[in-house]
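Architecture and fold: a report
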Amino acid sequence: MTESILVLGSGMAALGAHEVLNDAALAHVLVDKNPYPGGHTATFRHESGFVFDDGPHISFTSDERLQGLLAANVGGEFERIQAYVDNYWHGHLIKHPAQVNLHGLPEDLIVDCISDFVAAAAREVGPIENYEDWLIATFGPTFARTFPMVYGKKYHTTEAANMSIDWLGPRIYQPDLAEVLRGALSPSSPDVHYVDKFRYPSHGGFMSYLEPWCRRADLRLEHEVVSVDPAARTVSFRHGEALGYRDLLSSIPLPRLVPMIEGVPSDVVEASRRLACTTAVIVNIGVGRDDISPAQWRYFYDEDVFFTRTSFPHLFSPGTCPPGCGSVQVECYYSEKYRPLDRPAAECIQPVVDDLVRTGVLDESDEILFAEARVIPFANVIFDLERRAALETVHGFLEDVDVHWCGRYGDWEYSWTDEAFFSGERAAQRLLDR
Ligand SMILES: Cc1cc2nc3c(=O)[nH]c(=O)nc-3n(C[C@H](O)[C@H](O)[C@H](O)COP(=O)(O)OP(=O)(O)OC[C@H]3O[C@@H](n4cnc5c(N)ncnc54)[C@H](O)[C@@H]3O)c2cc1C
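All of the points below concern the structure found in this document. From a predicted model like this one, the values you see are computed outputs, not experimental measurements.

A look at the overall build of the protein
Regarding its fold elements, the protein presents 14 helices and 18 strands. By the compact-globule yardstick of 22 Å for 434 residues, the protein fits well, its C-alpha radius of gyration being 22 Å. By its C-alpha atoms, the protein is 70 × 55 × 45 Å across when sized along the principal axes. Scored against the burial criterion, the 434 residues of the protein give a buried share of 46%. Taking as baseline every contact in the protein between residues at least 6 positions apart, the subset at least 24 positions apart corresponds to 74%.

Right under this line is the structure:
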């Protein structure tokens, strides 16, 4: 038994906490259930030469301090890339975001989108109760129902009418009429996506950014927390060991953490179960050519396309593939609450390959050199209408039992890697300030 600060997890949030605690020379231990560190930012390096992150990960932080830390962690060896992103819609490829890139779509659809957009702008905005109301008020019904509502259902697994708008931030671009018109008339348009440029390690995948921190930390892998006793201030692990703590900071997903806490009231457990999250099946494919896509990632709007988004890691860095090869990382979304995974992950590979061919990403003649499917049980937080109240209950309880939280699945937010890291830093700083 030791008495120090115990940090649960070893992803960006836990490592953000580690940075602050390390700078303050405060004893602390990081524990993770996995046999490898990094959480969602882990990278898997295969003998075939293909390198895939847990899910596609790029760094687009605008924070110069974090840019500097990450750059130092890879000895300055990273790629700086101008983002080019596109959308697949019923056989058409258009630049992202669709609302300012309608050029090339069927004429009637463009006319309806623009007429509705103009009418929506002229209308007095009524109460916005949910994401669907917001989309229709912002873009008009034709665009809303043809693009973001269809894509959103694939990505979030629930209807826009069942979602809040708490997560929007800069994620959905709101153009003026001139931008919509210009993008409908011209094949080229200014870049307005919130990811404009990004960075990626030249070697070893995204995880290379984290490795020096992991090497420095007192990090204990294969330590799966199974219970937390806030009265005794101990954490127990599946393998039988227990650790005492002075302060506990958790980045593990709230629906997993809360039921493990001794004495938790049943209404708090119920609230934690109402917190919804997607499950991603990630299908990684390696092929023998590197000209499979002009875009680094692509969104798929059609309901009958098996997947939601594809990324092309060989365009993040050539270090992710054998020379001359290309790679596709495919995301398919499910959720326990709204769309339970209905098959073993491996059975997603064939429908994915079929639809990569049907949508023109791959050719029938492409030789598949590598294929695997992985399940990510906690992928993206679903901002359904139950989230806010359930989260208040859960966070209130954690405060009462003096368990601190951080990161995407502790805050239960839509945080990117930088935000998860800052969340860990802030949580650690709050411990220092006590
Ligand atoms: C498909 C996908 C693509 C993404 N792409 C990007 C991107 O391109 N750029 C970007 O900036 N962000 C991206 N993100 C977001 C990014 O992954 C997160 O913001 C960030 O990794 C969250 O870090 P975290 O430390 O909060 O959580 P995690 O990385 O999930 O860390 C939580 C840790 O807790 C551990 N844990 C869980 N349960 C237990 C237990 N019982 N005992 C012990 N340990 C446990 C886990 O193993 C894990 O290591 C993406 C996310 C997804 C799902």
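That shown, we press on.
Thoughts on helix α4 (residues 131–139)
Because each turn of an α-helix spans 3.6 residues, side chains separated by three or four positions end up pointing in the same direction. Buried residues dominate α4, accounting for seven of its nine residues. For α4, every residue scored as buried is listed here: Tyr131, Glu132, Trp134, Leu135, Ile136, Thr138 and Phe139. In the core, the buried residues of α4 are packed alongside α3 (107–122), α5 (141–146) and α6 (148–156). Note on α4: the residue one or two positions beyond its end, Gly140, has a positive phi of about 85°.

Some thoughts on the environment of Phe206
For Phe206, the position within the fold is in the loop between β8 (197–201) and α8 (211–216). C-beta crowding within 10 Å serves as the criterion here: with 29 such atoms nearby, Phe206 is assigned to the buried category. Ignoring any residue separated from it by four or fewer positions in sequence, one finds Phe206 in contact with Thr41, Thr43, Asp53, His57, Tyr200 and Pro201.

So, the pairing of strand β7 (residues 92–95)
When strand β6 (residues 85–89) meets β7, the two strands line up antiparallel, connected through four bridges. Considered in β7, the bridge of Asn87 is made with Ile94. Taken together, β6 and the strand that follows it, β7, pair antiparallel across an intervening segment of two residues, in which His90 is found at a positive phi of about 45°.

Things to note about the packing of helix α10 (residues 266–274) against helix α12 (residues 387–400)
Where α10 meets α12, the axes come as close as 8 Å, and the angle between the chain directions of the two elements is 130°. It follows that α10 is oblique to α12 by the angle criterion. Crossing handedness for the pair α10 and α12: left-handed. Seen from α10, the contacting residues are Val268, Ala271, Ser272 and Arg274; seen from α12, they are Ala390, Thr393, Val394 and Phe397.

Comments concerning the site of the ligand
Neighbouring the ligand are 35 residues; Gly9, Gly11, Gly39, Gly55 and Gly407 lie closest to it. When contributions to the shell around the ligand are tallied by element, the ones reaching two or more residues are α1 (12–23), α13 (408–411) and α14 (417–433). When residues in the shell around the ligand are grouped by element, the largest group, three residues, is from α1. Its residues assigned to classes, the shell around the ligand comprises 15 nonpolar, 14 polar and six charged.

Procedures and definitions
- Residues numbered from 1 in each chain as written.
- Predicted model: local features only at pLDDT ≥ 70, side-chain atom pairs only at ≥ 80, totals over all residues.
- Helix = DSSP H or I, 4+ residues; strand = E, 2+ residues; numbered from the N terminus.
- Rg over C-alpha atoms; globule rule 2.2 N^0.38 Å.
- Buried ≥ 20, exposed ≤ 12 C-beta atoms within 10 Å, placed from the backbone.
- Contact = placed C-beta atoms within 7 Å.
- Pairing = 2+ DSSP bridges.
- Axes fitted to C-alpha atoms, helices over the stretch in contact; angles between N-to-C directions.
- Parallel < 35°, antiparallel > 145°, perpendicular 65-115°, else oblique.
- Left-handed = near helix turned anticlockwise from the far one by under 90°.
- Near = placed C-beta within 6 Å.
- Nonpolar A, V, L, I, M, F, W, Y, C, P; charged D, E, K, R; others polar.

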